[in-house]
Amino acid sequence: MTGLGAVFRPQLAPERLRAVARVADEVGLEELWLWEDCFREGGISTAAAALAWTERVRVGVGLLPVPLRNVAVTAMEAATLHRMFPGRPVLGVGHGVQDWMGQVGARAESPLTLLREYLVALRALLGGGRVTSTGRYVRLDDVALDWPPEQPVEVLAGATGPRSLRLAGEAADGTVLTANTPPDGVRRARRLIDEGRAASGRTEAHRVVVYLLAATGAGAHDRLRAELVAEGVGAVPDLGVAGDAEAVADAVRRLAEAGADTVILQPTGDEPDPEGFVRFAAERVRPLVA
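Now for a quick tour of the structure. Keep in mind that this is a model prediction, so the values were computed, not measured. (Residues numbered from 1 in each chain as written. Predicted model: local features only at pLDDT ≥ 70, side-chain atom pairs only at ≥ 80, totals over all residues. Heavy atoms only, no water.)

**Describing the overall build of the protein**
Across its full length, the protein carries 10 helices and 11 strands. Taking 19 Å as the expected radius of gyration for a compact globule of 290 residues, we find that the protein reaches 18 Å, a close match to that expectation. Projected onto its principal axes, the C-alpha positions of the protein cover 55 × 40 × 40 Å. By the burial criterion, 56% of the 290 residues in the protein qualify as buried. Expressed as a percentage of contacts within the protein between residues at least 6 apart in sequence, the contacts between residues at least 24 apart total 74%. When the accessible surface of the protein is totalled, it reaches about 12,800 Å², and 51% of it is carbon and sulfur. (Helix = DSSP H or I, 4+ residues; strand = E, 2+ residues; numbered from the N terminus. Rg over C-alpha atoms; globule rule 2.2 N^0.38 Å. Buried < 20%, exposed > 50% of the residue type's maximum accessible area, 1.4 Å probe, protein only. Contact = heavy atoms within 4.5 Å. Areas by Shrake-Rupley, 256 points an atom, 1.4 Å probe, with all protein chains shown as cover.)

So this is what it looks like as structure tokens:
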């Protein structure tokens, strides 16, 4: 079955999260995803709060920008969440938006090298290993977590370009694709991810999570179109969906057929009813998606 979730967009004030998270839990939404966009809301702090306010829904963070975070700190925070809320946190890491990284003096000369070193170290630490690394960016001296997760956990990587997608296949447990990825883009991404998996001898399952920009209700088509234009992708075919539950479910099915394991519905930044959007995803779209 294709996984389905929704995003709590950081355009909403942090104090709005509690109500949205509780609705997500009440209506049976599978996954509620959060973003650590500069300079809005912290990914770990919001995830911890959402997990504490709920009982069942999985809470994803997509993505934590690795230039901002020492890998040992990320490992400690991730392990803490997994120990307190086993099976429910989902954490993804990525390059970060390079302009934002530059603003805070954290821009890496080689984002790909940093992400590779980071993924290797993070997965090893969360797996209970003792890690020494003398990489270009990640340098650890005999580091191990006192409280690693009790069960294996997945580390996802955000990726867009061919080299990042191959790296995700090599070094991550799953990949997060942006809402600017149409079905054909998901197919291309899957091929590149599989190339990376083959190169590193990975044979275990690799989850692909895809955001889908979606709008429903009054003014849905206009809101969707405005956001696509603002993102500079207004001319790209097969991006986003506006309409009723059947229209959204059809778009989800197309992404699933292209290779998505989980589709996360991303409301427009000006979505007027975030709680209603979560209800729409769980109660009206979910029954239509196999």
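**A closer look at the packing of aromatic side chains**
Counting across every chain of the model gives three aromatic pairs. Relative to Tyr211, the ring of Trp35 has its centre 5.7 Å away and its plane inclined at 70°; by these criteria the two rings are edge-to-face. Highlighted residues: Trp35 in the loop between strand E2 (31–34) and helix H2 (43–53) and Tyr211 in strand E9 (residues 207–215), separated in sequence by 176 residues. In this pair, the class of Trp35 matches that of Tyr211, namely buried. Through pairs of rings, three or more aromatic residues link up here, namely Trp33, Trp35 and Tyr211. (Phe/Tyr/Trp six-rings, centres within 6.5 Å; stacked < 30°, edge-to-face > 60°.)

**A word on the packing of helix H9 (residues 245–258) against helix H10 (residues 274–285)**
Packed helices, taken two at a time, are described by the angle their axes make and the gap between the axes. Contact geometry for H9 and H10: axes closest at 10 Å, N-to-C directions at 80°. Regarding the angle of H9 to H10, the classification is roughly perpendicular. Together, Ala245, Val248 and Ala249 of H9 and Phe280, Arg284 and Val285 of H10 make up the contact between the two elements. (Axes fitted to C-alpha atoms, helices over the stretch in contact; angles between N-to-C directions. Parallel < 35°, antiparallel > 145°, perpendicular 65-115°, else oblique.)

**Looking at the nonpolar core**
Counting 80 residues, the largest nonpolar core has Leu119, Leu265 and Val285 as the members making the most contacts within it. Considering each element in turn, this core owes the most residues, nine residues, to helix H5 (residues 111–126). With residues near it in sequence (within four places) discarded, Val285 still touches Leu4, Ala245, Val248, Ala249, Leu265 and Phe280. (Core = buried A, V, L, I, M, F, W, Y, C linked by side-chain atoms within 4.5 Å.)

**As for the environment of Ser133**
Inspection of the secondary structure puts Ser133 in strand E5 (residues 131–134). Classification of Ser133 as buried rests on a relative accessible area of 17%. Between the alpha carbons of Ser133 and Tyr118 there is a distance of 9.9 Å; along the sequence they are 15 residues apart. There is a polar contact of 2.8 Å between the side chain of Ser133 and the backbone oxygen of Val138. (Polar contact = N/O pair within 3.5 Å; in protein donor to acceptor, adjacent residues only side chain to side chain.)

**Some points on the environment of Gly128**
Within the fold, Gly128 resides in the loop between H5 and E5. Along the chain, Gly128 and Arg107 lie 21 residues apart, while their C-alpha atoms are 29 Å from each other.

**Description of the pairing of strand E3 (residues 58–65)**
Where burial is concerned, most of E3 is hidden: six out of the eight residues are buried. Following the backbone out of E2, through H2 and into the adjacent parallel E3, one traces a crossover that is right-handed. Sheet topology places E3 next to strand E4 (residues 89–94); five bridges connect them, and they run parallel. Among the inter-strand pairings, Leu64 is bridged to a residue of E4, identified as Val93. With respect to chirality, the unit in which E3 leads through helix H3 (residues 71–84) into the neighbouring parallel E4 is right-handed. (Right-handed = clockwise from strand over helix to strand, strands pointing away. Pairing = 2+ DSSP bridges.)

**What about the pattern of salt bridges?**
Taken as a whole, this structure holds 26 salt bridges when the rule is applied. Notably, a salt bridge pairs Asp250 with Arg253, separated by 3.9 Å at the nearest N-O pair. In this pair, Asp250 and Arg253 both sit in helix H9, three residues apart, roughly one turn of the helix. A relative accessible area of 25% means that Arg253 is categorised as partly exposed. Here Arg279 and Glu283 are joined by a salt bridge, their closest N and O atoms 3.7 Å apart. Of the two residues, Arg279 and Glu283 are both situated in helix H10; the distance of four residues between them amounts to about one turn of the helix. You can call Arg279 partly exposed: its relative accessible area is 34%. Residues participating in the shared-partner salt-bridge network are Glu31, Arg58, Glu154 and Arg207. (Salt bridge = Lys/Arg side-chain N within 4 Å of Asp/Glu carboxyl O.)

**A look at the packing of helix H6 (residues 162–171) against helix H7 (residues 183–200)**
Orientation of H6 relative to H7, taken along the N-to-C sense of each, is 50°, at an axis distance of 6 Å. The angle between H6 and H7 falls in the class oblique. Crossing handedness for the pair H6 and H7: right-handed. Here H6 contributes Pro162, Leu165, Arg166, Gly169 and Glu170 to the contact with H7, which in turn contributes Ala189, Leu192, Ile193, Glu195, Gly196, Arg197 and Ser200. Across the contact of H6 with H7, the residue classes break down as five nonpolar, three polar and four charged. (Left-handed = near helix turned anticlockwise from the far one by under 90°. Nonpolar A, V, L, I, M, F, W, Y, C, P; charged D, E, K, R; others polar.)

**Details of the pairing of E9**
Successive side chains on a regular strand alternate, one facing one side of the sheet and the next facing the other. In terms of residue burial, E9 counts as a mostly covered element, since nine of its nine residues are buried. Remark: the strand E8 (residues 174–177)/H7/E9 crossover connection has right-handed handedness. Across two bridges, E9 lies against strand E10 (residues 241–242) in parallel orientation. Bridge assignment links Ala215 to a residue of E10, and that residue is Ala242.

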